Amino acid sequence: MKALLTFCQFFVGLVFIFSAFVKGVDTLGTAYRLEDYFLAFHTPWAIPYALFLSHFQCVIEFLVGILLVFNIKTKITSWVLLLMMLFFTGLTLNDAINNPVPDCGCFGDAIKLTNWQTFYKNVILMVPTLLIFIYRKRQTPWFHPFFELVIVAVATIGFTSFTVYNYRNLPCMDFMPWKVGTRIMDKEDKPVLIYTTYQNKHTGEKKEYLISALPHTDSAWVADW
């Protein structure tokens, strides 16, 4: 059972760390997602707090992931994890049914999921989450309390600094389709074709000609068009 619980903690913890990283690398983009929710749920007064909440959400997710992976304060962590998963599972169920926002942004721009796929993902995560919560008292700490404090402090300060750095500068890892270095044009530039339209002076008929194929040497054509 302890081995199973450890596996569950690693699995859920790594998912939380990954989710926090891909959102924390672009907290401004995450803030836009939160603004979508505020508008959908008719709480526009919360929009000015979207950026702060974006940083806060990313740091909390990352910290929960770290606590799970390093088996720190399991009893408290399991409660926080359960409450977060209940909230997000309920929220994504509403997204899947009512579609208030087209993209919840749970994995930022790194992995795009539909609302139903996001809900199913949360349902799957609820299984190990419930195991971690039900058997939370069976796990014993791996580290001395002092080292646990050091790990929590380093994780909190380090990841907060990471999110702030990426906000104040360009994201250190861009998951957008048109990131720097992406070639927008075709690999082989196609020749530019220019067309022009001529009108017959007598009949009013109009014709479109490829400019490189104009019959300009034909004096009769030049006289009539």
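See the structure printed just above.
Residues numbered from 1 in each chain as written. Predicted model: local features only at pLDDT ≥ 70, side-chain atom pairs only at ≥ 80, totals over all residues. Heavy atoms only, no water.

> Got a minute to help me understand the packing of helix H3 (residues 50–69) against helix H6 (residues 145–168) in this structure?
How two helices pack is summed up by the angle between their axes together with the distance between the axes. Look at H3 against H6: their axes get within 10 Å of each other, and the N-to-C directions meet at 145°. Relative to H6, the crossing made by H3 is right-handed. Residues Leu51, His55, Cys58, Val59, Phe62, Leu63, Ile66 and Leu67 of H3 lie in contact with H6, whose contacting residues are Ile151, Val152, Ala155, Thr156, Phe159, Thr160, Thr163, Val164 and Tyr167. A class-by-class count of the residues in the contact of H3 with H6 yields 13 nonpolar, four polar and no charged. (Axes fitted to C-alpha atoms, helices over the stretch in contact; angles between N-to-C directions. Helix = DSSP H or I, 4+ residues; strand = E, 2+ residues; numbered from the N terminus. Left-handed = near helix turned anticlockwise from the far one by under 90°. Contact = heavy atoms within 4.5 Å. Nonpolar A, V, L, I, M, F, W, Y, C, P; charged D, E, K, R; others polar.)

> What exactly am I supposed to notice about the packing of aromatic side chains here?
In this description, an aromatic ring pair is defined by two values, namely the gap between the centres and the angle between the planes. Taken as a whole and judged by the stated rule, the model has 18 aromatic pairs. Seen in terms of ring centroids, phenylalanine 62 and phenylalanine 159 are 4.1 Å apart; in terms of plane orientation they differ by 5°. Their pairing is stacked. Here phenylalanine 159 lies in helix H6 and phenylalanine 62 lies in helix H3, a separation of 97 residues in the sequence. The exposure classification of phenylalanine 62 matches that of phenylalanine 159, with both residues buried. Cluster of aromatic residues (ring-pair linked, three or more members): Phe21, Phe62, Phe159 and Phe162. (Phe/Tyr/Trp six-rings, centres within 6.5 Å; stacked < 30°, edge-to-face > 60°. Buried < 20%, exposed > 50% of the residue type's maximum accessible area, 1.4 Å probe, protein only.)

The values are spatial; any link to function lies outside them.
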